[in-house]
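The primary structure of each chain is shown beneath.
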Amino acid sequence: KAGVTQTPRYLIKTRGQQVTLSCSPISGHRSVSWYQQTPGQGLQFLFEYFSETQRNKGNFPGRFSGRQFSNSRSEMNVSTLELGDSALYLCASSLGGSLGAKNIQYFGAGTRLSVL
Amino acid sequence: DQQVKQNSPSLSVQEGRISILNCDYTNSMFDYFLWYKKYPAEGPTFLISISSIKDKNEDGRFTVFLNKSAKHLSLHIVPSQPGDSAVYFCAAPVNAGGTSYGKLTFGQGTILTVHP
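In what follows, the accompanying structure is described. (Residues numbered from 1 in each chain as written. Chains lettered and ligands numbered in written order. Predicted model: local features only at pLDDT ≥ 70, side-chain atom pairs only at ≥ 80, totals over all residues. Heavy atoms only, no water.)

## Here we look at the pairing of strand S6 (residues 56–59) of chain B
Residues and elements named next belong to chain B.
Phase 1 of the analysis: Pairing of S6 with strand S7 (residues 62–67), which is carried by four bridges, proceeds in the antiparallel orientation. Bridged to Asp-59 within S7 is Phe-62.
Phase 2 of the analysis: Taking the residues between adjacent antiparallel strands as the criterion, S6 and S7 are bridged by two residues, where Gly-60 takes a positive phi near 65 degrees. (Pairing = 2+ DSSP bridges. Helix = DSSP H or I, 4+ residues; strand = E, 2+ residues; numbered from the N terminus.)

## Here's the deal with the state of the cysteines
Phase 1 of the analysis: Across all of its chains, the model carries two disulfides over all chains by this definition.
Phase 2 of the analysis: Each sulfur of the disulfide joining Cys-23 of chain A and Cys-91 of chain A lies 1.7 Å from the other. Between Cys-23 of chain A and Cys-91 of chain A the sulfur-sulfur dihedral comes to about -40 degrees; the bridge is accordingly left-handed. A residue pair is termed long-range when its members are at least 10 positions apart, and Cys-23 of chain A in strand S3 (residues 19–24) and Cys-91 of chain A in strand S9 (residues 87–94) qualify at 68 residues. This pair shows no difference in class: Cys-23 of chain A is buried, exactly as Cys-91 of chain A is.
Phase 3 of the analysis: Two residues share a disulfide in this structure: Cys-23 of chain B and Cys-90 of chain B, whose sulfurs sit 1.9 Å from each other. Taking the sign of the S-S torsion, 65 degrees for the link of Cys-23 of chain B and Cys-90 of chain B, the bridge is right-handed. (Disulfide = S-S within 2.5 Å. Buried < 20%, exposed > 50% of the residue type's maximum accessible area, 1.4 Å probe, protein only.)

The following block contains the structure:
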């Protein structure tokens, strides 16, 4: 079974631009969550999508948005990029119920975004 | 608000010895905990988990212990191998209204180095 796939693996953008990251979940998984990892803040939750609906959201500005398609693939968009948006963006998929013993998140390799 | 804390940024161990990674949490509502391992340039990989109804869970060389009264959990790796060298994160699902949709809160991570 294929794992979680994130594209692209690396991106370089300049301030003010926008960027779109893509995530394909494990087959059969309907929930996709996004996280930002930075050296100073660690792993921070951005949002979660299930059946094309955002069910949960972290404390990030509105410049960070996402969507999910009917095949469960998800995209994350960051508009008006700032230097502080440089980070590793991770996507995780799960079956979609409440996280716990029967529902574990599995992560992709991430997209490394550098904002110059 | 760091609800899950890993107070040791790094740990160095000799091959064959035991590695003990620690994690403390503040939220008494947490009822499930996970450990992930992360290699450079890869996403976190699920390692082992434990429900709050248990105080121990074992999987091969990996054992997680939970002390609810102390709000403390630990991951034991016996025997440690050089391939175990990675960053280890503890995490817990964050419940909102009795459900946890896609949101894990992570500790800051501990860098484990196993020397041959």
